[in-house]
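Listed below, chain by chain, are the residues.
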Amino acid sequence: ASYRVLSENYTSACRRNIRIAGTNRTAITSDIKPQEAIALFRKGPGSRVKGISDSDYSKLDKVMHHSLASGEGRIEGFRSEAALYYSVFYIVTGRRITLLFTSTSSESRDKKAGYVMIDHLIREFARTGMVLDFAGSSVPGVAQFISSFGAARIPYYRYLHNRLPWPLRVFKEA
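Residues numbered from 1 in each chain as written. Predicted model: local features only at pLDDT ≥ 70, side-chain atom pairs only at ≥ 80, totals over all residues. Heavy atoms only, no water.

Enquirer: So, the pairing of strand β3 (residues 96–103): which residues are in play, and what are the values?
Expert: Pairing geometry for strand β2 (residues 83–93) and β3, over seven bridges, is antiparallel. Within β3, the residue paired with Val88 across the bridge is Thr102. Linking β2 to β3, which pair antiparallel, is a turn of two residues; within it Gly94 sits at a positive phi near 55°. Inspection of the sheet shows β3 paired to strand β4 (residues 131–133) by three bridges, in the parallel sense. Note that in β4 the partner of Ile97 across the bridge is Leu132. (Pairing = 2+ DSSP bridges. Helix = DSSP H or I, 4+ residues; strand = E, 2+ residues; numbered from the N terminus.)

Shown next as structure tokens:
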């Protein structure tokens, strides 16, 4: 579909945020290293999230480097002078663009950088027939942000089967 058709699905709040962001718009940059995006996350949202280990960040760094080297991964974002204040890491495979990792800061929220970036991606990939996969979120604020672009909610089901013998199975379910 064309960008015009896709953007008609944006909520009025989303359109307003994109319009507000236009007043202090900076150029999108793609000269972002994985370590830089991860460091921004660790300093911002990552500092409030419990359970993410150094090993997890190391694995993310490897995935990012591999994806960038293969040509499937991209990191784009915004800088204020030299300082990175927003980045998004996504992969383009087949007919799908999948957002995998976002780094934000208080400056990015003030400048509505996330709205500008997603609008940019929708504009860039409009008319290609590709699907923009936000990869969902159970965090209410993030889910609301995603839905503001007219994203369809698609549940991902998980099936678990307990194969423990009968007496142990009872305790595992409890």
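Let's pick the thread back up.
Enquirer: With reference to specific residues and values, describe the nonpolar core.
Expert: In this structure, Phe78, Tyr86, Tyr90, Leu99, Ile118 and Phe149 are the most contacted members of the largest nonpolar core, which totals 23 residues. Mapped by element, the contributors of at least two residues to this core are α2 (12–22), β2, β3 and α6 (113–125). Counting residues per element, this core draws most heavily on α6, at eight residues. Not counting residues within four places of it along the chain, the set of residues in contact with Leu99 comprises Val88, Phe89, Tyr90, Ile118, Leu121, Leu132, Asp133, Phe134 and Ala135. (Core = buried A, V, L, I, M, F, W, Y, C linked by side-chain atoms within 4.5 Å. Buried < 20%, exposed > 50% of the residue type's maximum accessible area, 1.4 Å probe, protein only. Contact = heavy atoms within 4.5 Å.)

Enquirer: Lay out helix α4 (residues 54–70) in plain terms, naming residues and giving numbers.
Expert: The terminal C-alpha atoms of α4 lie 24 Å apart, and with 17 residues this matches the ideal 24 Å at 1.5 Å per residue to within 8%. Taken as a whole, α4 has its buried residues at Tyr57, Leu60, Asp61, Met64 and Ser67. Along the long axis of α4, the arc covered by the buried residues comes to 135°, so they all point the same way. Structural note: α4 exposes Lys59, Lys62, His66 and Ala69 on the side pointing more than 90 degrees away from its buried face. (Expected span 1.5 Å × (residues − 1). Arc of directions from axis to C-beta.)

Enquirer: So, the sheet that holds β3: which residues are in play, and what are the values?
Expert: One open sheet accounts for four strands, arranged β1-β2-β3-β4; its pairing is mixed. The open sheet terminates on both sides in strands that have one partner only, identified here as β1 (73–80) and β4. Ignoring strand direction, the axes of neighbouring strands in this sheet form an average angle of 25°. Against the sheet, α4 makes contact with β1, β2 and β3, and its axis sits at roughly 105° relative to β1, the strand it touches most. (Axes fitted to C-alpha atoms, helices over the stretch in contact; angles between N-to-C directions.)

Enquirer: Quick one: what's the story with unusual backbone geometry, residue by residue and with numbers?
Expert: For residues besides glycine, phi is generally negative; the peptide bonds are generally trans as well. Backbone geometry at Glu81 places phi at a positive 60°, although glycine is not the residue there. Within the secondary structure layout, Glu81 lies in the loop between β1 and β2. Using a relative accessible area of 80% as the deciding quantity, one classes Glu81 as exposed. Look at Arg127: it is not a glycine, yet its phi comes out positive at around 70°. Within the secondary structure, Arg127 sits in the loop between α6 and β4.

Enquirer: So, the side chain of Ser103: which residues are in play, and what are the values?
Expert: Mapped onto the secondary structure, Ser103 falls in strand β3. Accessibility expressed as a relative area gives 0% for Ser103, which makes it buried. Here the side chain of Ser103 touches Ala37 through a polar contact of 2.6 Å, landing on its backbone oxygen. Apart from the residues within four sequence positions on either side, Ser103 is in contact with Ala37, Ile38, Leu40, Phe41, Tyr85, Tyr86 and Ser87. (Polar contact = N/O pair within 3.5 Å; in protein donor to acceptor, adjacent residues only side chain to side chain.)

Enquirer: Go over the pattern of salt bridges with me, naming the residues and quoting the values.
Expert: All chains considered together, the criterion is met by eight salt bridges. With its nearest N and O atoms 2.5 Å apart, the salt bridge here joins Arg42 to Asp54. Linking Arg42 in helix α3 (residues 34–43) with Asp54 in helix α4, this pair joins segments that are twelve residues apart in sequence. Note on Arg42: relative accessible area 37%, which makes it partly exposed. Between Glu107 and Lys111 there is a salt bridge whose closest N-O contact spans 2.9 Å. Residue Glu107 is classed as partly exposed on the basis of its relative accessible area, which comes to 25%. In this structure, a network of salt bridges that share partners links the residues Asp31, Glu36 and Arg79. (Salt bridge = Lys/Arg side-chain N within 4 Å of Asp/Glu carboxyl O.)

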